[in-house]
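Working through the structure, step by step
Listed below are the residues making up each chain.
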Amino acid sequence: MGDAYEGRNRADALVFFGATGDLAKKKIFPALYALVKRRELSVPIVGVASASRGLAQFRELARESIERSPRGVDDRHALDRLLSQLEYVGGDYKEDATYDAIEETLGGARRPAHYLAIPPSYFETVIEGLRGAGLNLDGRVIVEKPFGRDLDSARELNRQLRSAFPRDSIFLIDHYLGKEEIMNLLYFRFANSFLEPIWNRNYVASVQLTLAESFGVEGRGAFYDDTGCLRDVVENHLFQIVALLAMEPPPYQGMEAVQAEKLSVFRAMRPLEPEDIVRGQFVGYRDEAGVAKDSDVETFCACRLYIGSWRWGGVPWYLRSGKCLAETTTEVLVKLKPPPQALFDDAFRSRASTNYLRFRLAPDPMIGLAARVKRPGEEFIGDQRELSLFNAKEDTEDPYERLLGDALDGIGGLFTRQDAIEAAWAVVDRVLRDHPPSIPYAPGSWGPKEADALVAEGRWHNALPLPHPSTRR
């Protein structure tokens, strides 16, 4: 289910800025190695960075990065092929000479893909440099998130990009959209017929989304203190999950149709008000390097969201994410409304008795359906049981492999669109400026207790233990 832009040829070179940064070391080099190993990448690869180093040093950096990656090296010939494809340009992004050197290094390549794996503060400088050297002509640009800090900056980013590249040559890369478990949400929703009759306000009581991390900012205090949880996770990752769950069936096959329906969801979201969010900050965050001693930046954010569509009118969507929480997990819980008549008292005594669908996206992806079953005996008493379907598979394609390969091919289905980005920012724009103060919470907890007040049931669903392996089907 993918759309290649008509008339677009595969890129004949990859130029990636930020070639000596952390993202390159942790994600880009291993992804390039995997693509070369599958013989899906044979074009020149030009790394660009401000660091002054030679080609031999750059290739050694790539080798070490791949060898230290979780999957390591299992094909020395593929590694050697990748290293032979690598070139390096070192120079100041503000200097014309840097772009002249890139053009010279590209040689006869005429359809380069330029990957901006750099901080957003450099975007405009690099885009202007590419345009000034004519490197944008018949090329494309791949931009790493974040896509702005708010609605105004997102619009400015779009202006900058469109000044040098046409819309179908701009690829806004959010690795979350390339994850197998996220793609499975889309597949599960529309490949099965049993969901559609109940997937609406008549049967769904609420939806909870949790993206929890048990670790802290891990030495990235300066970045996090400039970003916060609402910008870093809620506005993009959680909103993307909401869109996949809430969208209408696309009218035809193709990811362009999917993106259009997701955009409709973002535009139907009611803008958040200050009373719709709870912000928290784990105790000890202000002691992190790079964090202001009086920082109010949230490391936890919970919000109550409504989608003003015919399908979802009146259904609350509860979203939360945070660092230093009790577990590392990503889950969706779709709570169904109870039967209209209480024929069996025990089924209505507990708030936990409501049927639900559970999507665990990480770790160990699974889909669960909770239903009540009667206990043996004469009494009509039962228990809630969960039927679980596990879909985890080792060695699935890494998101960066999939997304970089698609960008080189000119396939835009798994990339986000600028109009969707602006619509999502519009939902949170007010509370980015006008919000309640952060509430301290203990590391290892589920965040500040005040977040419970957002939920109509008075509490959040916390991650359930996975079934014993012997019971998995």
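Further up the page is the structure itself.
The notes below deal with the structure included here.

**Brief notes about the overall build of the chain**
The secondary structure content of the chain amounts to 12 helices and 15 strands. Taken over C-alpha atoms, the radius of gyration comes to 24 Å for the chain, in line with the 23 Å a tight globule of 473 residues would show. A principal-axis box enclosing the C-alpha atoms of the chain has dimensions of 80 × 50 × 40 Å. Within the chain, the fraction of its 473 residues that count as buried is 52%. Put simply, of all contacts in the chain between residues at least 6 apart along the chain, 78% involve residues at least 24 apart. As presented, the chain carries roughly 21800 Å² of accessible surface, and 50% of it is formed by carbon and sulfur atoms. The average position of the 60 basic charges and that of the 70 acidic charges among the side chains of the chain differ by 4 Å.

**Here we look at the sheet that holds strand 3 (residues 86-90)**
Pairing is parallel across the open sheet formed by six strands, whose spatial order is 3-2-1-4-5-6. Looking at strand neighbours, the two that pair on one side only are strand 3 and strand 6 (170-173), the edges of this open sheet. The mean inter-strand angle of the sheet, taken between neighbouring strand axes irrespective of direction, is 20 degrees. With four bridges connecting them, strand 1 (residues 13-17) and strand 2 (residues 45-49) associate as parallel partners. By the bridge assignment, Leu 14 is partnered in strand 2 with Ile 45. Sheet strands in contact with helix 2 (residues 55-68) are strand 1, strand 2 and strand 3, and its direction is about 120 degrees off that of strand 3. On the sheet, helix 5 (residues 123-132) packs against strand 1, strand 4 (112-116) and strand 5 (140-144) and is oriented at approximately 160 degrees with respect to strand 4.

**Thoughts on the side chain of Arg 320**
Mapped onto the elements, Arg 320 comes out in strand 10 (residues 316-322). Although Arg 320 lies buried, it forms no salt bridge, and the closest oppositely charged side chain, Asp 452, sits 5.9 Å away as judged by the N-O distance. A polar contact is formed between the side chain of Arg 320 and the side chain of Thr 210, at a distance of 2.8 Å. Sequence-distant contacts of Arg 320, that is, excluding residues within four places in its chain, are made with Leu 209, Thr 210, Leu 211, Leu 238, Phe 300, Cys 301, Ala 302, Trp 446, Trp 460, His 461 and Asn 462.

**Topic: the pattern of salt bridges**
Under the counting rule described, the total for this entry stands at 30 salt bridges. Put simply, Arg 155 and Glu 422 hold a salt bridge, and the shortest N to O gap is 3.9 Å. One end of the pair, Arg 155, is in helix 6 (residues 151-162); the other, Glu 422, is in helix 12 (residues 418-433), and 267 residues separate them in sequence. With relative accessibility at 45%, the residue Arg 155 sits in the partly exposed group.

**Regarding the pairing of strand 1**
Counting buried positions along strand 1 gives five out of five residues, so the element sits mostly inside the fold. Relative to strand 4, strand 1 is paired through five bridges, and the arrangement is parallel. What sits directly across from Phe 17, in strand 4, is Leu 116.

**Quick notes on empty space enclosed by the protein**
Over the atoms, a rolled probe matching the size of one water molecule traces out where space is still vacant. Taken as a whole and assessed by the stated rule, the structure comprises two cavities of 30 Å³ or more. Considered as a void within the structure, the largest cavity measures approximately 70 Å³ in volume. In terms of lining, the largest cavity is formed by Gln 240, Gln 259, Lys 262, Leu 263, Phe 266, Phe 415, Thr 416, Arg 417, Asp 419 and Ala 420. Elements with a contribution of two residues or more to the lining of the largest cavity: helix 10 (255-268) and helix 12. The greatest single-element share of the lining of the largest cavity, amounting to four residues, is contributed by helix 10.

Conventions adopted
- Residues numbered from 1 in each chain as written.
- Predicted model: local features only at pLDDT ≥ 70, side-chain atom pairs only at ≥ 80, totals over all residues.
- Heavy atoms only, no water.
- Helix = DSSP H or I, 4+ residues; strand = E, 2+ residues; numbered from the N terminus.
- Rg over C-alpha atoms; globule rule 2.2 N^0.38 Å.
- Buried < 20%, exposed > 50% of the residue type's maximum accessible area, 1.4 Å probe, protein only.
- Contact = heavy atoms within 4.5 Å.
- Areas by Shrake-Rupley, 256 points an atom, 1.4 Å probe, with all protein chains shown as cover.
- Lys, Arg positive; Asp, Glu negative; His and termini not counted.
- Charge placed at Lys NZ, Arg CZ, Asp CG, Glu CD.
- Pairing = 2+ DSSP bridges.
- Axes fitted to C-alpha atoms, helices over the stretch in contact; angles between N-to-C directions.
- Salt bridge = Lys/Arg side-chain N within 4 Å of Asp/Glu carboxyl O.
- Polar contact = N/O pair within 3.5 Å; in protein donor to acceptor, adjacent residues only side chain to side chain.
- 1 Å grid on protein atoms, 1.4 Å probe; cavity = no way out; pocket = protein on both sides within 12 Å on 5 of 7 lines; lining within 4 Å.
- Points joined across faces, edges and corners; volume = space filled by probe spheres on them.

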